[in-house]
Amino acid sequence: MSYDTQLPHAPAPVAMRNGLGTAALILGIIGTLSGLVPLFFWLAGILGLIALVLGLVGTGRVKRGEANNKGVTVTGAVLGLAALILSVVGAVITFTAVSDAVEEIDKTLKDSAPATPGAKGKGQAEGQDAAKALAADETAAYDDGLEITVSAPKTFTPGEFAVGHTEGNKAYKVTVTVENKGKKAFDTAGTLPTARAGKDGADAEMILGDKGLDVAFEGSVLPGKKATKTFAFDAPADAKLLTVEIAPAMGLDHDAAQWDLKIG
């Protein structure tokens, strides 16, 4: 007589589902490190949120016995929360820095905006329409205290060594005075007059090489001081108007001003 003996089978081990906790830890570490750099606040926020969610879900699995990496899961959740906090701090720092930079740029642009010349002298009030040319002996006055005056033109005969004069044309000299009524020294480098004459408004060539004629301004004019230079231009014999234009310091900080000077 035979007996079949069957031994009870041991239950199969349950596979641990530790993936969420591990992912939470990795993302939490990366998110926290990103949060240390304020500019990466957005990355820290995204990774921190994902790490926190995965860590909380992983903790639930540990409580149900589906996972056994409690330390890893909790650490991932904590790091995810830390990354979120750092992302908020980084966002505040970044936006504050950007706001301060924009304000500083705006302030710089306002401070460096070209001053607008107006006219005063010969009974004309300061603030005259800047689009209108000034007359002889009138002054272009700028907001920073800089004033430029161009005298009435005078005819003269260039010497034999002068250049820029064409036979048959007439030569005219003008005196340009730069006065500094502001509070800072004015660097005159690049302050050079140009001129046009004739019906077609052709360039009036500057006459150089004659005694008493200047080429350009140089050096600085201190507050309360003046600088005066004499320039000469060649104009057609039938020209009735000599238009002189001056852009202080090459127009870097000031608009150019024009003078319509009667000749002929």
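This text follows the structure it describes.
Predicted model only: the values in this text are computed from it and were never measured.

Parameters at a glance
- Along each chain, residue indices are assigned from 1 in the same order as the chain's sequence is written.
- Restriction of local features to residues with pLDDT of at least 70 applies here, the model being predicted, together with a cutoff of 80 or more for giving and counting side-chain atom pairs; totals for whole chains, interfaces and linings are based on all residues.
- Computation of side-chain values covers all heavy atoms of the structure but excludes hydrogens and water.
- By nonpolar core we mean a set of buried residues, namely Ala, Val, Leu, Ile, Met, Phe, Trp, Tyr and Cys, connected to one another through side-chain atoms within 4.5 Å.
- The rule is simple: take the accessible area with a 1.4 Å probe, protein chains only, and divide by the maximum for that residue type; under 20% is buried, over 50% is exposed, in between is partly exposed.
- Put simply, DSSP H or I for four residues or longer makes a helix, DSSP E for two residues or longer makes a strand, and each gets a number counted from the N terminus.
- Any two residues whose heavy atoms approach within 4.5 Å are treated as being in contact.
- Each Phe, Tyr or Trp ring, with Trp reduced to its six-membered ring, pairs with another whose centre is within 6.5 Å; inter-plane angles below 30 degrees give stacked pairs, above 60 give edge-to-face pairs, and intermediate values give tilted ones.
- Whenever a carboxyl oxygen of Asp or Glu lies within 4 Å of a side-chain nitrogen of Lys or Arg, that contact is scored as a salt bridge.
- Note on method: axes are straight lines fitted to C-alpha atoms, helices fitted across the in-contact stretch only, with angles between N-to-C directions ranging 0 to 180 degrees.
- Should an angle fall under 35 degrees it is taken as roughly parallel, and over 145 as roughly antiparallel, whereas 65 to 115 is taken as roughly perpendicular and any remaining angle as oblique.
- Each crossing gets its hand from how the near helix is turned against the far one by less than a right angle, where anticlockwise is left-handed and clockwise is right-handed.
- Side-chain classes are defined by residue name, with Ala, Val, Leu, Ile, Met, Phe, Trp, Tyr, Cys and Pro counting as nonpolar, Asp, Glu, Lys and Arg as charged, and the others, Gly among them, as polar.
- Note on pairing: DSSP must find at least two bridges between two strands before they are called paired.
- In this scheme, patches are assembled from residues that exceed 30% relative accessible area and form no salt bridge. Like charges are connected within 9 Å, while nonpolar side chains (Val, Leu, Ile, Met, Phe, Trp, Tyr) are connected within 5 Å.
- Note on areas: these come from Shrake-Rupley sampling with a 1.4 Å probe, and a residue is covered only by the protein chains present in the view.

**Student:** Would you take a moment to explain the nonpolar core for this structure?
**Tutor:** Nonpolar side chains tend to gather and get buried jointly when the protein is soluble and globular. Ile148, Phe233, Leu242, Trp259 and Leu261 are the most contacted members of the largest nonpolar core, which totals 31 residues. Residue assignment for this core shows that the elements contributing at least two residues are β3 (146-150), β5 (170-180), β7 (193-197), β10 (226-235), β11 (241-246) and β12 (257-262). Trp259 has contacts with Leu134, Ala135, Glu138, Ala140, Ile148, Val150, Leu242, Thr243, Val244 and Ile246, leaving out every residue within four places of it along the chain. Counting residues in hydrophobic clusters, the runner-up holds six residues, among them Ala162, Ala171, Ile207 and Ala232.

**Student:** I would appreciate a short explanation of the packing of aromatic side chains in the present structure.
**Tutor:** The relative placement of two aromatic rings is captured by the distance of their centres and the angle of their planes. Scanning the entire structure with this criterion turns up two aromatic pairs. Relative to Phe95, the ring of Phe41 has its centre 5.6 Å away and its plane inclined at 65°; by these criteria the two rings are edge-to-face. Taken as a pair, Phe41 in helix α2 (residues 41-63) and Phe95 in helix α3 (residues 70-111) lie far apart in primary sequence, 54 residues in all. Relative to Phe231, the ring of Phe217 has its centre 5.9 Å away and its plane inclined at 50°; by these criteria the two rings are tilted.

**Student:** I'm lost on the pattern of salt bridges in this one. Help?
**Tutor:** Across all of its chains, the model carries five salt bridges by this definition. Notably, a salt bridge pairs Glu66 with Arg17, separated by 3.5 Å at the nearest N-O pair. In this pair, Glu66 is assigned in the loop between α2 and α3 and Arg17 in the segment before α1 (19-35), connecting sequence segments 49 residues apart. Among the salt bridges present, the one from Lys226 reaches Glu179, with a minimum N-O distance of 4.0 Å. One end of the pair, Lys226, is in strand β10; the other, Glu179, is in strand β5, with 47 residues separating them in the sequence.

**Student:** How do you make sense of the packing of α1 against α2 when you look at a structure like this?
**Tutor:** Helix-helix packing is described using two parameters, namely the angle between the two axes and the distance between the axes. At a closest axis distance of 8 Å, the pairing of α1 and α2 adopts a crossing angle of 155°. It follows from the interaxial angle that α1 and α2 lie roughly antiparallel. Relative to α2, the crossing made by α1 is left-handed. Facing Leu20, Ala23, Ala24, Leu27, Gly28, Ile30, Gly31, Ser34 and Gly35 of α1, the residues of α2 in contact are Leu43, Ala44, Leu47, Ile50, Ala51, Leu54, Gly55, Val57, Gly58 and Arg61. A per-class count over the contact of α1 with α2 returns twelve nonpolar, six polar and one charged.

**Student:** Looking at this structure, I do not really get the pairing of β3. What am I missing?
**Tutor:** Regular strands place side chains that alternate from one sheet face to the opposite one. Here β3 lies mainly inside the structure; five of its five residues are buried. Along β3, one buried face is formed by Leu146, Ile148 and Val150 and the opposite face, lined by Glu147 and Thr149, is buried too. Across three bridges, strand β2 (residues 139-141) lies against β3 in antiparallel orientation. Paired with Thr139 across the strands is Thr149, a residue of β3. In this antiparallel pair of consecutive strands, β2 and β3, the connection spans four residues, and Gly145 shows a positive phi of 100°. The pairing of β3 with β5 spans five bridges and is classified as antiparallel. Directly across from Thr149, in β5, lies its bridge partner Thr177.

**Student:** Teacher, can you tell me more about the sheet that holds β12 here?
**Tutor:** Note on sheets: strands pair through backbone hydrogen bonds, and any given pair is parallel or antiparallel. Across the sheet, which stays open at both edges, the four strands sit in the order β8-β7-β11-β12 with antiparallel pairing between neighbours. In this open sheet, the two edge strands, each paired with only one partner strand, are β8 (202-203) and β12. Two elements, β7 and β11, share five bridges in a ladder whose sense is antiparallel. Counted as the bridge partner of Ala197 is Leu242 from β11.

**Student:** Looking at this structure, I do not really get a nonpolar patch on the surface. What am I missing?
**Tutor:** Judged by side-chain polarity, Ile29, Leu33, Leu36, Val37, Leu39, Phe40, Trp42, Ile46 and Ile50 come together as a nonpolar surface patch covering roughly 870 Å² of accessible area. Taken together, the elements giving at least two residues each to the nonpolar patch come down to α1 and α2.

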